[in-house]
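Structural description and commentary
Below are the chains, spelled out letter by letter.
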Amino acid sequence: MRKTTLSKKILQSITIVLILLAIALRLGGAREWFAPSKERQLEITDIQNVFPNASSCRLKSDKSIEVRSDKSDRIGTILSSVIYETSQLGYNDVLPILIGLDLDHRVKAIAVLDNSETGEFMSHVYDSNLLSKWDGKQVDTTLIQHKVDAISGATYSSEAIIKGVNATLSTYLSIEQSHQLNWLRITQLVLVFLLILSSLVMVFTKRFKKYYFYYLLAVVLVFGFFTNKMLSLSIFETWLQNGLPWYTNVELILILVASIIMTFIGKHKYYCNYLCPMGALQMIASKLSPFRKRKFVKKVFNIDLRLIYLCFIWASILMGISLPLSSMEPFLAFAYSVSGWLMIGAGLLIVIVSLFFNRPWCALCPTGCALDSIPSFKQKK
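Below, the structure is looked at part by part.

Analysis parameters
- For every chain, the first residue of the written sequence is number 1, and numbering continues from 1 along that sequence.
- In view of the model being predicted, local features appear only for residues whose pLDDT reaches at least 70, and side-chain atom pairs are presented and counted only at 80 or more, with totals across whole chains, interfaces and linings using the full set of residues.
- Side-chain metrics in this entry use all non-hydrogen atoms of the structure; hydrogen atoms and water are not considered.
- Here, strands pair whenever DSSP counts at least two bridges between them.
- Under the DSSP-based scheme used, a helix requires at least four consecutive residues in state H or I and a strand at least two consecutive residues in state E, with every element numbered from the N terminus.
- Helix axes are fitted to C-alpha atoms over the stretch in contact, other axes to C-alpha atoms as well, and angles between N-to-C directions run from 0 to 180 degrees.
- Should any heavy atoms of two residues lie within 4.5 Å, those residues are considered in contact.
- Two rings from Phe, Tyr or Trp (for Trp, the six-membered ring) form a pair when their centres are within 6.5 Å of each other. A pair whose planes differ by under 30 degrees is stacked, one over 60 is edge-to-face, and the rest are tilted.
- For every residue, the accessible area (1.4 Å probe, protein chains only) is compared with the maximum for its type, and the residue is labelled buried under 20%, exposed over 50%, or partly exposed between those bounds.
- Throughout this description, the term charge over a ring refers to an Arg CZ or Lys NZ atom that lies within 6 Å of the ring centre and within 35 degrees of the ring normal.

One open sheet accounts for five strands, arranged β1-β2-β3-β6-β7; its pairing is antiparallel. If you trace the sheet from one side to the other, it starts and ends with β1 (54–59) and β7 (107–112), each paired once. This sheet shows a mean twist of 25 degrees between the axes of neighbouring strands, independent of strand direction. Here strand β2 (residues 65–69) runs beside strand β3 (residues 74–80); their pairing, made up of four bridges, is antiparallel. Across the sheet, the residue bridging to V67 is G76, located in β3. Packing of helix α6 (residues 155–172) onto the sheet brings it into contact with β3, β6 (97–101) and β7, and relative to β6 it is tilted by some 55 degrees.

Set out below in structure tokens:
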């Protein structure tokens, strides 16, 4: 029996490693991790997002970019958050922006350069016409005071763009920005830290188990709906491509580190049982359901369903198929204002099935499978 378990663990670990390497190589992430990082270089195609008829450009002494047409006529100026080092972090990645100024020194257009931000959030930003809020505004000290509200449902992404625009304009105009405390951000960090601390207390202190149901509610509300902070394939994809964002995404790093350490010391399923909002939502549905629960089928021909799912993802990546990883897990259902009806429907279906089966999604979850592959150093008795 022990040999069978060991063989299964080895097979699962090899599969995880192969998937991670495949994703990293496919995205060019191996170069980012093992070679010195290089600053992104702006191309003329980037500038053409703002000035379609741009033919050439020149970096000026104030770090603004003079843009000319194919007839060598000056047609405007570009301010780049990449050059000014003022790009801000969104939900999943840093969002570099370009601000185009016309010959009258008014904002012509704002464009966001290529990034790995979650596609659903960026689509919501574009649909809300956030980037046009500065159009036609004169670039002077009063523009910094122009109030633009973040987009509900894509708060991280929209706030990153707004802060990036203000920081870039302030740097260009040599205005010192006033750094105000972001109380929403501070509240999120405090709540995440308290939930992680509470989870550790529950793992090691049995007398607090009676509050487990209320703790699960807090996980769904905080990690699911309030912060949208949860581990997923799309998060791992971004980290493989860009590296771990230690200085910007503290919550997810804390969650990942806690999950790895707890697994090392023998507390398997720690993330799934205590920090995953989808796992918590399934357990809440199961506890509230009056029906008798059955075990969800986890194997087909004695092969783990999660392993099959992971192998499918790995094979697709190796064959060059671009998979929408953020849509291959139902976690975006918590961001209901930006996710499509299909994702919301998937989330609701999981909740309904959870009334009759014990945590059905966990039988498929590739993120849970990846975490389960982490070896434990605790000796079994």
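Take the packing of aromatic side chains next. Both the distance between ring centres and the angle between the ring planes are used here to describe each pair of aromatic rings. Taken as a whole and assessed by the stated rule, the structure comprises nine aromatic pairs. Between Y212 and Y215, the ring centres sit 6.4 Å apart and the planes meet at 15 degrees, which makes this aromatic pair stacked. Of this pair, Y212 and Y215 are both found in helix α8 (residues 212–226), three residues apart, which corresponds to roughly one turn of the helix. When its relative accessible area of 13% is taken as the criterion, Y212 is described as buried. Ring plane angle 85 degrees and centroid distance 5.8 Å describe the contact between F213 and Y214, whose orientation is recorded as edge-to-face. Under the relative-accessibility criterion, Y214 is labelled exposed at 57%. Ring pairs connect the aromatic residues Y212, Y215, Y270 and Y274, which therefore count as one cluster. Geometry around Y212 places K209 over its ring, the cationic atom sitting 5.7 Å from the centre.

Note on placement: V165 falls in helix α6. On the basis of relative accessibility, which here comes to 0%, the residue V165 falls in the buried class. Separated by 78 residues in the primary sequence, V165 and S87 place their C-alpha atoms 8.4 Å from one another. Apart from the residues lying within four places of it in its own chain, the contact partners of V165 are I97, I99, I110 and W134.

This part is about the side chain of Q188. Note that Q188 resides in helix α7 (residues 183–204). Judged by its relative accessible area of 5%, Q188 falls in the buried class. In this structure Q188 touches Y156, F226, T227 and E251, once residues within four positions along its chain are discounted.

This is a description of form; function is not addressed.
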